[in-house]
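Understanding the architecture of this molecule
Read off the chains here:
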Amino acid sequence: MNKVNPKSLLHSKWTKVDITNKEKHFIITLVKFDEDQKLVECIIEAVMTKSEYSIDWRELKDINKWGIGWQ
């Protein structure tokens with residue numbers, strides 16, 4: 001399991017294990033918290049295509065789907 005701290009997600013770099021559409025490397029570009037400091041929105045952007053996706057930040061914990069940093 002990857003250690004993920006919601007407060008340090010912004011601008012963090014990730015590598016997707018199963019490459020789709022030639023998108024392998026990603027960066028977190030937007031993180032929104034509610035008034036209780038609970039993460040409510042996380043946007044991840046593919047480096048090559050600049051495509052943005054909304055993602056459940058908890059998915060980043062799964063080492064079978066995501067790796068920390070660009071590998």
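Residues numbered from 1 in each chain as written. Predicted model: local features only at pLDDT ≥ 70, side-chain atom pairs only at ≥ 80, totals over all residues. Heavy atoms only, no water.

As a further point, take the packing of aromatic side chains. Two numbers describe a pair of aromatic rings. These are the distance of the centres and the angle of the planes. Overall, the coordinates contain one aromatic pair when judged by the stated rule. Summarising the aromatic geometry, the rings of Phe26 and Trp66 are spaced 5.3 Å apart at their centres and angled 80° between planes, so their arrangement reads as edge-to-face. You can see Phe26 sitting in strand β2 (residues 23-33) and its partner Trp66 sitting in strand β5 (residues 66-68), a full 40 residues away along the chain. Note on accessibility: Phe26 and Trp66 belong to one class, buried. Taking the ring centre of Phe33 as reference, the NZ or CZ of Lys7 above it sits at 5.2 Å. Across the ring face of Trp70, the terminal group of Lys13 is positioned such that the distance to the ring centre comes to 4.6 Å. (Phe/Tyr/Trp six-rings, centres within 6.5 Å; stacked < 30°, edge-to-face > 60°. Helix = DSSP H or I, 4+ residues; strand = E, 2+ residues; numbered from the N terminus. Buried < 20%, exposed > 50% of the residue type's maximum accessible area, 1.4 Å probe, protein only. Lys NZ or Arg CZ within 6 Å of the ring centre and 35° of its normal.)

Looking now at the confidence of the model for the protein. In this model, the protein carries a mean pLDDT of 96, and residues with pLDDT of at least 70 account for 100%. Element-level mean pLDDT values for the protein span from 95 in strand β1 (residues 13-20) up to 98 in strand β4 (residues 52-54). (pLDDT = per-residue confidence, 0-100.)

Turning next to the nonpolar core. Counting 14 residues, the largest nonpolar core has Leu9, Trp14, Ile28, Cys42, Ile44, Leu60 and Trp66 as its most contacted members. For this core, the elements supplying multiple residues, two or more each, are β2 and β3 (39-46). Among the elements that line this core, the one with the most residues is β3, at four residues. Contacts of Trp66, omitting those with residues within four sequence positions, involve Asn2, Trp14, Thr15, Lys16, Val17, Phe26, Ile44, Ile55, Glu59 and Leu60. (Core = buried A, V, L, I, M, F, W, Y, C linked by side-chain atoms within 4.5 Å. Contact = heavy atoms within 4.5 Å.)

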